[in-house]
Amino acid sequence: MDKSTLKQLIDQAAGRKPADTIIKNAKIVDVYNARIIEGTLAIADGRFLGIDAAYTADNVIDAHGQYVVPGLIDPHIHIESANVSPAVFGSLVTPHGTTTILADPHEIVNVAGMRGLEYMVASAKNTALDIKYTMPSCVPAANPTLETSGAVITADEIKQSYDQGLTYGLAEFMNYPGVVNADDGVLDELLVSLNAHKMIDGHSPALHGQGLNAYAAAGVHNDHECTQVDEMLDRISRGMYVYLRYGTVSKNMPTLLKGVTPQNARFCCLCGDDLQSVTLRETGHLDESIRVAVQNGIDPLTAIQMATINTAQCTGLSDRGGIAPGLKADFLLVDDLEHFSVNQTFIDGQKIAANGAYLLTTDDSVAGFYDLLETVHLDNFSADQLNLNLISDKAHVIGLQSISRTQNLVLPVTHDADGDFHYNPSEDIVKVAVIERHHLTGNVGVGLLSGFGLQNGAIATSIGHDSHNLVVVGTNDADMVMAIDALKACQGGGVAVQNSQVIATLPFVIGGLMSTESIDSLIAHQKAFNTICHEQLNVTAQFDPIMKLGAMPLDVIPNLRITDKGLVDVTKFEIIDINA
């Protein structure tokens, strides 16, 4: 800001010059005092001037008694989980009142490295939503001996992203054992961020005691992986913020709200983490989190604070988060604070969404990044790589739970003389495999899965957090191979096979993660795919098949996972034999 701009701002705030816009007959949410101020709000050059009846402007908006709420800020979300580009993502969330997000692009960066980050930054320029990226800290997510990622990010790349202004801070540090053990490479990544005065996001499921002390001492600022109140309180006691997650699958917020008090609410923020497009379109984003918080007994003003000023203060966004002189004029108009239905969304004082619709044109071009449309490489995959070497009557089996975590089950299994698994319709156990798709290593990890519900056929997907190798599950090898072949042909997404016939496809061609379809077409396509998986293949009804399969390689969440290198015991962070 230069001197003349500052003088203009001061003159307008002081009323010596007219504002650009005034909003009259408004109930303004004061997040600083948790109160409502009835009055006239003035705006100029995309900033709030103040609240005073004496302000004048040529452009007058009559709020007709609606509430004016600060724009909602999500401190931690993965755009790729919506399977759309950043530009399209902006058109999905702004009608729900989201004006700023801090996005972790570690999905596409795990696939394509810095090239993936460059694409995300370029696409973000094509939306009014303010997208600030945090630099992926864990590519790969954990120890590289446990899985194969498409890229490797070191402290040098992290510094490069800061120097070039591509990223705002360091994204969730999922390798929490590396932090606690002070691994040398981890220290380099932490130091480059600490010395650049960048925030460091956390990810430390079930970490406690001295380990949690070490994690916080390293400068980790927050955590979104709390599932129980005691975990939340432990982190707040250590000066960390806690992000109360309410995503498409992981919905920890209602449980954690039981631990929110007037004394600690300021350290709580609302976040989405992973949300599908259909959820964003039909249910909402942080507006839905606010509604759920109120339904669970949280005062509406407190819930709004957790989606605005708390997040701004946590993330260092000092220019937003409230309605106060000099701040960015990001705000919403809503009829009431309990039902929190967003009527209009403004960013920098400009109306960009109204009545559930994005008002601007969306440019979803991938021009200049066509290399990201060909990322599934499987030249040397063969069917015999799906064979299991079972020598025991019992095996370690991944047991699905309704939340993001899994169990390490030891179950009796049926196998032939050669040690390969045979599907038994009376048992809810199927084969699962992860196939490396980045470097033609030929790595294939094969295991067993319980609780998915699949009774015939196979499903394959290129969504496999966080390295995004291919994941396939099936009752027989022939259908699994066909699903993998079809997935390669469409360069990612999802494929369902039954009786040697492809019965459904869902293409995600950008990095095998994001679609180029229109949003309406994508949502219809996803619903149809899920219906086929549930009704014809009998996948457990409460599971989104691709999201659930995509979590199988996530070797930073307890307890048992599978990667291209085999079964991973996440409690020990080591590869284990399938035979029990």
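What counts and how
- Residues numbered from 1 in each chain as written.
- Predicted model: local features only at pLDDT ≥ 70, side-chain atom pairs only at ≥ 80, totals over all residues.
- Heavy atoms only, no water.
- Helix = DSSP H or I, 4+ residues; strand = E, 2+ residues; numbered from the N terminus.
- Rg over C-alpha atoms; globule rule 2.2 N^0.38 Å.
- Buried < 20%, exposed > 50% of the residue type's maximum accessible area, 1.4 Å probe, protein only.
- Phe/Tyr/Trp six-rings, centres within 6.5 Å; stacked < 30°, edge-to-face > 60°.
- Pairing = 2+ DSSP bridges.
- Right-handed = clockwise from strand over helix to strand, strands pointing away.
- Disulfide = S-S within 2.5 Å.
- Salt bridge = Lys/Arg side-chain N within 4 Å of Asp/Glu carboxyl O.
- Arc of directions from axis to C-beta.
- Contact = heavy atoms within 4.5 Å.
- Core = buried A, V, L, I, M, F, W, Y, C linked by side-chain atoms within 4.5 Å.
- Patch = residues over 30% accessible without salt bridge, like charges linked within 9 Å, V, L, I, M, F, W, Y side chains within 5 Å.
- Areas by Shrake-Rupley, 256 points an atom, 1.4 Å probe, with all protein chains shown as cover.
- Lys, Arg positive; Asp, Glu negative; His and termini not counted.
- Charge placed at Lys NZ, Arg CZ, Asp CG, Glu CD.
- Polar contact = N/O pair within 3.5 Å; in protein donor to acceptor, adjacent residues only side chain to side chain.

## Re the overall build of the protein
Stage number 1. Of regular secondary structure, the protein possesses 17 helices and 28 strands.
Stage number 2. Its C-alpha atoms give the protein a radius of gyration of 25 Å, within 12% of the compact-globule value 25 Å for 580 residues.
Stage number 3. Structurally, the protein occupies a C-alpha span of about 90 × 50 × 45 Å along its principal axes.
Stage number 4. Looking at the 580 residues of the protein, the share that counts as buried comes to 62%.

## Remarks on the packing of aromatic side chains
Stage number 1. This structure, assessed with the given rule, holds 5 aromatic pairs.
Stage number 2. A ring pair is formed by Tyr 119 and Phe 369, whose centres lie 5.5 Å apart and whose planes are at 70°; its orientation type is edge-to-face. With a gap of 250 residues between them, Tyr 119 in helix H4 (residues 114-124) and Phe 369 in the loop between strand E17 (357-358) and strand E18 (394-400) connect regions that are remote in the sequence.
Stage number 3. Aromatic pair Phe 331 and Phe 346: ring centres 4.3 Å apart, planes at 10°, arrangement stacked.

## As for the pairing of strand E8 (residues 130-135)
Stage number 1. Counting buried positions over the 6 residues of E8 gives 5, a clear majority of the element.
Stage number 2. Pairing of strand E7 (residues 98-103) with E8 involves 4 bridges; the strand directions are parallel. Directly across from Thr 100, in E8, lies its bridge partner Asp 130.
Stage number 3. Relative to strand E9 (residues 169-173), E8 runs parallel, the two sharing 2 bridges. Considered in E9, the bridge of Met 135 is made with Leu 170.
Stage number 4. Chirality of the crossover, the property in question, places the unit of E8, helix H5 (residues 155-163) and E9 among those that are right-handed.

## A few points about the state of the cysteines
Stage number 1. Counted according to the given criterion, the structure contains 0 disulfides.
Stage number 2. Free of any disulfide, Cys 226 has its nearest cysteine sulfur in Cys 268, 9.4 Å distant.
Stage number 3. Owing to a relative accessible area of 1%, Cys 226 belongs among the buried residues under this scheme.
Stage number 4. With no disulfide partner, Cys 314 has as its closest neighbouring cysteine sulfur the one in Cys 269, 4.6 Å distant.
Stage number 5. Assessed through its relative accessible area of 3%, Cys 314 is described here as buried.

## Some details on the pattern of salt bridges
When the charged atoms of two side chains with opposite charge come close together, those side chains can pair.
Stage number 1. A full pass over the atoms with the stated rule returns 21 salt bridges.
Stage number 2. As a salt-bridge pair, Lys 328 and Asp 348 come within 2.5 Å of each other at their nearest N and O atoms. Highlighted residues: Lys 328 in the loop between helix H14 (309-315) and strand E14 (331-334) and Asp 348 in the loop between strand E15 (342-347) and strand E16 (350-354), separated in sequence by 20 residues.
Stage number 3. Relative accessible area serves as the criterion here: at 35%, Asp 348 is assigned to the partly exposed category.
Stage number 4. Salt bridges sharing partners connect three or more residues here, namely Asp 130, Lys 132, Asp 319 and Arg 320.

## Let's talk about unusual backbone geometry
Stage number 1. In this structure, Pro 140 follows Val 139 across a cis peptide bond, with omega equal to 5°.
Stage number 2. Tracing the backbone shows Pro 140 in the loop between E8 and H5.
Stage number 3. Geometrically, the link from His 465 to Asp 466 is a cis peptide bond, its omega value of -5° lying close to zero.
Stage number 4. Checked against the element boundaries, Asp 466 lands in the loop between strand E22 (458-461) and strand E23 (470-474).
Stage number 5. The backbone of Asn 83 sits at a positive phi, close to 60°, despite the residue not being glycine.
Stage number 6. Tracing the backbone shows Asn 83 in the loop between strand E6 (72-77) and helix H2 (86-93).

## Here's the deal with the sheet that holds strand E11 (residues 222-223)
Stage number 1. Sheet architecture is open: 3 strands sit in the order E11-E12-E13, paired in parallel fashion. Of all the strands in the sheet, the pair left with one neighbour each is E11 and strand E13 (268-271).

## Some points on the pairing of strand E21 (residues 444-450)
Stage number 1. Burial analysis of E21 places 7 of its 7 residues in the buried class, the great majority of the element.
Stage number 2. Residues Val 444, Val 446, Leu 448 and Ser 450 of E21 are buried on one face, and the alternating residues Gly 445, Gly 447 and Leu 449, pointing to the opposite face, are buried as well.
Stage number 3. Note: E18 against E21, 2 bridges, orientation parallel. Bridge assignment links Ile 398 to a residue of E21, and that residue is Leu 449.
Stage number 4. As paired elements, strand E20 (residues 429-435) and E21 share 7 bridges and run antiparallel to each other. Within E21, the position partnered with Lys 431 by the bridge is Leu 448.

## Brief notes about H5
Stage number 1. Within the sequence span of H5, burial applies to Ala 155, Ile 158, Ser 161 and Tyr 162. For H5, the angular spread of buried residues about the axis comes to 120°, placing them on one side. Set apart from the buried face of H5 by more than 90 degrees, the exposed residues are Asp 156 and Asp 163.
Stage number 2. Looking at the buried side of H5, the elements it contacts are H4, E8, E9 and helix H7 (184-195).
Stage number 3. The positive-phi residue at the C-terminal boundary of H5 is Gly 165, with phi of around 70°.

## Considerations on the nonpolar core
Stage number 1. Membership of the largest hydrophobic core comes to 125 residues, with the highest contact counts inside it found for Phe 89, Tyr 133, Tyr 215, Leu 448, Leu 449, Phe 452 and Ile 459.
Stage number 2. Membership of the second largest hydrophobic core comes to 35 residues, among which are Leu 72, Met 253, Leu 270 and Met 306.

## With respect to a negative patch on the surface
Stage number 1. A contiguous patch of negative charge on the surface is contributed by Asp 156, Asp 183, Asp 184 and Asp 188.
Stage number 2. Structurally, Asp 156 is set in helix H5.

## Description of the side chain of Thr 475
Stage number 1. Relative to the elements of secondary structure, Thr 475 occurs in the loop between E23 and helix H15 (477-489).
Stage number 2. For Thr 475, the side chain forms a polar contact with the side chain of Asn 476, separated by 3.3 Å.

## Some words on helix H9 (residues 229-237)
Stage number 1. Those residues of H9 not exposed but buried are Glu 231, Met 232, Arg 235 and Ile 236. Down the axis of H9, the buried side of the element spans an arc of 130°, and every buried residue falls inside it.
Stage number 2. Buried residues belonging to H9 abut helix H8 (209-217), E11, strand E12 (241-245), helix H10 (253-256) and E13.

## Some points on a nonpolar patch on the surface
Stage number 1. A surface patch of nonpolar side chains, amounting to about 310 Å² of accessible area, comprises Met 1, Leu 6 and Ile 10.
Stage number 2. With respect to the helices, strands and loops of the structure, Leu 6 is situated in helix H1 (residues 3-13).

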